[in-house]
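Take a look at the letters that make up each chain.
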Amino acid sequence: MPRWEPDAQERLVGAALELFVEQGYDNTTVAQIAEHARLTKSSFFRHFPDKREVLFAGQDIFLKLPADAIASAPPDAQPLEAVGAALEALAGVFTPERHPFASTRQAVIAANSELQEREALKRADFASAMRRALRRRGVPEPSATLAAELGILAFRAAFVRWADPANDREFGELARQALQELQAAGAALTRTPAG
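Residues numbered from 1 in each chain as written. Predicted model: local features only at pLDDT ≥ 70, side-chain atom pairs only at ≥ 80, totals over all residues. Heavy atoms only, no water.

### A few points about the overall build of the protein
For step 1, the next point in the chain: On a plain count of helices and strands, the protein comes out with 9 helices and 0 strands.
For step 2, the next point in the chain: Taken from N to C terminus, the helices and strands of the protein fall in the order α-α-α-α-α-α-α-α-α.
For step 3, the next point in the chain: Residue burial in the protein is summarised as follows: out of 195 residues, 39% are buried.
For step 4, the next point in the chain: Contacts in the protein between residues far apart in sequence, at least 24 positions, make up 63% of those at least 6 positions apart.
For step 5, the next point in the chain: Entry remark: accessible area of the protein is about 11200 Å², with carbon and sulfur atoms responsible for 55%.
For step 6, the next point in the chain: Each charge sign in the protein was given a centre, from 23 positive and 26 negative side chains, and these centres are 4 Å apart. (Helix = DSSP H or I, 4+ residues; strand = E, 2+ residues; numbered from the N terminus. Buried < 20%, exposed > 50% of the residue type's maximum accessible area, 1.4 Å probe, protein only. Contact = heavy atoms within 4.5 Å. Areas by Shrake-Rupley, 256 points an atom, 1.4 Å probe, with all protein chains shown as cover. Lys, Arg positive; Asp, Glu negative; His and termini not counted. Charge placed at Lys NZ, Arg CZ, Asp CG, Glu CD.)

Put into structure tokens, the structure is as follows:
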């Protein structure tokens, strides 16, 4: 029976993450990543434009799933309900098998300002994709932007909780909780203080 082998892109991602942890992001070269993955440097560049992008592989799926979930939400769904559906769709990406990778990836990103900047740009792309999907549903501005930004805040809170090595809860549950917390915080902003 043939044995499963990871594809070149998966090998490059795994090799890069190992090297970033062992010797630091700045001290790791593309040539080292390719060699560690038992591939050539030209193979690396067929999959990634630079070493920063290795940690952001699969972003096309990451943008498509939430946009599709917003589009598929019931016609009478409120904007935040559609955003909730988008976050739920990501539960299929953040599975228990990916937990060790995600935790390590976050530690590498947290240790490097260049990667933090790239991650912020990717979150902005994510927010834009949700905003566009909400606009296609007929949600006016600024509601579409606000709902998308709340979705990003909920995603970030859920992801940090999910990536915590001590976490044993599913991403979808954490995302629902984070979105509910933000909705409650938003409602509290409009209440008149007692007294």
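Alright, that's what it looks like, and here's the rest.
### Concerning the confidence of the model for the protein
For step 1, the next point in the chain: Here the protein averages 90 in pLDDT, while 95% of its residues score no lower than 70.
For step 2, the next point in the chain: Across residues 1–5, where pLDDT falls below 50, the model places 1 contact with residues more than four positions away in sequence or in other chains. (pLDDT = per-residue confidence, 0-100.)

### Regarding the packing of aromatic side chains
For step 1, the next point in the chain: Tallying each qualifying case throughout the model produces 11 aromatic pairs.
For step 2, the next point in the chain: A ring pair is formed by Phe-155 and Phe-159, whose centres lie 5.9 Å apart and whose planes are at 25°; its orientation type is stacked. Here Phe-155 pairs with Phe-159, and both are found in helix H8 (residues 143–163), just 4 residues apart, close to one helical turn. Just as Phe-155 is buried, Phe-159 falls in that class too.
For step 3, the next point in the chain: Seen from the ring of Tyr-25, Lys-51 lies directly overhead, with NZ or CZ sitting 4.3 Å from the centre. (Phe/Tyr/Trp six-rings, centres within 6.5 Å; stacked < 30°, edge-to-face > 60°. Lys NZ or Arg CZ within 6 Å of the ring centre and 35° of its normal.)

### With respect to helix H6 (residues 99–110)
An α-helical turn contains 3.6 residues, so any two residues separated by three or four positions project in the same direction.
For step 1, the next point in the chain: Taking 1.5 Å of rise per residue, 12 residues should cover 16 Å, and H6 covers 16 Å from first to last C-alpha, within 8% of that figure.
For step 2, the next point in the chain: Where H6 is concerned, the buried positions are His-99, Ala-102, Ser-103, Arg-105, Gln-106, Val-108 and Ile-109.
For step 3, the next point in the chain: Structurally, H6 contributes buried residues whose contacts are with helix H1 (8–23), helix H7 (113–136) and H8. (Expected span 1.5 Å × (residues − 1).)

### Describing the pattern of salt bridges
For step 1, the next point in the chain: A complete count under the given rule lists 12 salt bridges for this structure.
For step 2, the next point in the chain: Across the pair Glu-114 and Arg-52 runs a salt bridge whose closest N-O atoms are separated by 3.4 Å. One end of the pair, Glu-114, is in helix H7; the other, Arg-52, is in the loop between helix H3 (41–47) and helix H4 (59–72), with 62 residues separating them in the sequence.
For step 3, the next point in the chain: Look at Arg-52 and you get partly exposed, because its relative accessible area is 24%.
For step 4, the next point in the chain: One salt bridge in this structure joins Lys-122 and Glu-53, with 3.2 Å as the shortest N-O distance. Separated by 69 residues along the polypeptide, Lys-122 in helix H7 and Glu-53 in the loop between H3 and H4 bring together distant segments of the chain. The same class applies to Lys-122 and to Glu-53, which are both buried. (Salt bridge = Lys/Arg side-chain N within 4 Å of Asp/Glu carboxyl O.)

### As for the layout of surface pockets
Rolled over the atoms, a probe sized like a water molecule indicates the empty space that remains.
For step 1, the next point in the chain: Here the largest pocket defines a volume of roughly 870 Å³.
For step 2, the next point in the chain: Lining the largest pocket are 30 residues, and of these Leu-55, Ala-57, Arg-98, Phe-101 and Arg-105 lie nearest its centre.
For step 3, the next point in the chain: Taken as a whole, the second largest pocket holds about 170 Å³ of empty space.
For step 4, the next point in the chain: Every residue lining the second largest pocket is listed: Ala-91, Phe-94, Thr-95, Pro-96, His-99, Trp-162, Asn-167, Asp-168, Arg-169, Glu-170, Phe-171 and Gly-172.
For step 5, the next point in the chain: Along the lines of polarity and charge, the residues of the lining of the second largest pocket split into 5 nonpolar, 4 polar and 3 charged. (1 Å grid on protein atoms, 1.4 Å probe; cavity = no way out; pocket = protein on both sides within 12 Å on 5 of 7 lines; lining within 4 Å. Points joined across faces, edges and corners; volume = space filled by probe spheres on them. Nonpolar A, V, L, I, M, F, W, Y, C, P; charged D, E, K, R; others polar.)

### Concerning unusual backbone geometry
Leaving glycine aside, a negative phi is the common case for residues, and trans is the common case for peptide bonds.
For step 1, the next point in the chain: For the peptide bond that leads from Glu-141 to Pro-142, omega is 5°, which places it in the cis range.
For step 2, the next point in the chain: If you trace the backbone, Pro-142 turns up in the loop between H7 and H8.
For step 3, the next point in the chain: A positive phi angle, close to 60°, is found at Arg-38, a residue other than glycine.
For step 4, the next point in the chain: Mapped onto the secondary structure, Arg-38 falls in the loop between helix H2 (30–36) and H3.
For step 5, the next point in the chain: Owing to a relative accessible area of 65%, Arg-38 belongs among the exposed residues under this scheme.

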